[in-house]
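A look at the structure
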Amino acid sequence: MQIAEIRKIARGIVKVDELLARYTTYGVGGPADVFFEPADADDIASVITWASKNSVPCFILGGGSNLLVSDKGFRGIVIRMGKAMSYIRVDGERIIAGAGAVLAKVVSAAVDAGLTGLEGVTAVPGSVGGALVMNAGTQLGSVGDVVELVRVVTCNGELIDLTREEMDFAYRWSRLQSDKSKIAVEAVFHLKPGVKSEIVRTAERLKKKRSLSQPNGRSAGCMFKNPEGTQGAGWMIDHLGLKGMSVGDAIVSDKHANFILNTGKATASDIKALAEKVRDAVRAEFAVDLEYEVRIVGDW
Ligand code: EPU
């Protein structure tokens, strides 16, 4: 790839063959040909315009908490929303956050400001950008419920604002999953004033609930989506007695069967092989094709 050209265009940090394992909660993932941490939204615009003209694939990395990146890594440019894209501002009933901001910090800012509406995503790991793409959430609500606007950079280098309706939010879904020509750079959340003690209580209750039902180790959260009309992926996997099943150091969690943990030196291939074993077993018993909730990235 034309590294020199990218270095000329980009104002942020550009690295070559950076190991992605450093940036994922699973701690797995091979090198990215080019790893880029933009200085601001315009910097992203310049680089993706160049990439789109030169047909170089780009992948956007947020918190790395919902990804399974191949051991072979990614051929193209990985754009990591780093420090410069991690701002959080409170403005009356609105919170404006850069795509790189840690979602939990946005929730804390809302709680501190006595604003209600984001408690549902308390303790959900990840960045704002990732949460927008995935419409991250729990049974108590998803980020899409309180989004007013999402600012995106298009592959032509334009900055445009999408409304909540235009984002097409649904269960673990938003338009940004199918429309690869747009990259979220900022979100405006419109919340409501609430009673601070109640907001804190709800947030604490959710944190506790999550720590009781979900494991702490290295994972990417729930591996599969809950298929409609079933009791949930976790229930089916548990029912089949698959907790504890392993491939290498990858293991199906004893605490929540829809989590696959890296308990040591598991590779991305170990994790994927175990996930496929689980899918095969669920297909054989329940005639259900589990769909990955975790994003599978790179060359396999
Ligand atoms: N269950 C089992 N065994 C297990 C796990 C779950 O029988 O090992 C049963 C539970 O008893 C329950 C049902 O399966 O009847 C659902 O389980 P749970 O309440 O734990 O919720 P979930 O549907 O598995 C969803 C989200 C989580 C989110 C929780 C809490 C998905 C795929 N998962 O889990 O999100 O934290 O609700 O709201 O939608 C994630 O997105 O990565 C994630 C973990």
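Throughout what follows, the structure given in this document is the object of discussion. (Residues numbered from 1 in each chain as written. Predicted model: local features only at pLDDT ≥ 70, side-chain atom pairs only at ≥ 80, totals over all residues. Heavy atoms only, no water.)

1. Points about the sheet that holds strand S11 (residues 147-154)
Read from one edge to the other, the open sheet built from 5 strands follows the order S6-S7-S13-S11-S12, with strand pairing classed as antiparallel. Pairing within the sheet leaves two strands with one partner each, and these edge strands are strand S6 (88-91) and strand S12 (159-163). Mean inter-strand twist for the sheet, computed between neighbouring axes without regard to direction, equals 20 degrees. (Pairing = 2+ DSSP bridges. Helix = DSSP H or I, 4+ residues; strand = E, 2+ residues; numbered from the N terminus. Axes fitted to C-alpha atoms, helices over the stretch in contact; angles between N-to-C directions.)

2. As for the pairing of strand S5 (residues 74-80)
For S5, the tally of buried residues reaches 5 of 7 residues, placing the bulk of the element in the interior. Relative to S5, strand S2 (residues 31-37) runs parallel, the two sharing 4 bridges. Considered in S5, the bridge of Ala32 is made with Phe74. In this structure, strand S3 (residues 58-61) lies alongside S5, joined through 4 bridges in parallel fashion. Residue Leu61 lies in a different strand from S5, and its bridge partner there is Arg80. (Buried < 20%, exposed > 50% of the residue type's maximum accessible area, 1.4 Å probe, protein only.)

3. Examining the pattern of salt bridges
A complete count under the given rule lists 18 salt bridges for this structure. A salt bridge links Glu148 to Arg94, with the shortest nitrogen-to-oxygen separation between them at 2.7 Å. Here Glu148, found in strand S11, pairs with Arg94, found in strand S7 (residues 94-98); they are 54 residues apart in sequence, far enough to count as distant. The class of Glu148 is partly exposed, set by a relative accessible area of 27%. A relative accessible area of 30% places Arg94 in the partly exposed class. The network of salt bridges with common partners includes Glu276, Arg279, Asp280, Arg283 and Asp289. (Salt bridge = Lys/Arg side-chain N within 4 Å of Asp/Glu carboxyl O.)

4. Digging into the sheet that holds S3
The pairing of strands in a sheet happens through backbone hydrogen bonds and is either parallel or antiparallel. Strands sit in the order S1-S2-S5-S3 across an open sheet of 4 strands; the sheet is mixed. On the outer flanks of this sheet lie strand S1 (13-19) and S3, each paired with one strand and no other. Averaged over all neighbouring strand pairs, the angle between strand axes comes to 30 degrees, with direction disregarded. Here helix H2 (residues 41-53) sits on the sheet in contact with S2, S3 and S5, set at roughly 165 degrees to S5. (Contact = heavy atoms within 4.5 Å.)

5. Considering the side chain of Gln177
You can see Gln177 is positioned in the loop between S12 and strand S13 (182-190). For Gln177, the side chain forms a polar contact with the main-chain oxygen of Val133, separated by 2.9 Å. Side-chain polar atoms of Gln177 contact the backbone oxygen of Arg172, separated by 3.1 Å. (Polar contact = N/O pair within 3.5 Å; in protein donor to acceptor, adjacent residues only side chain to side chain.)

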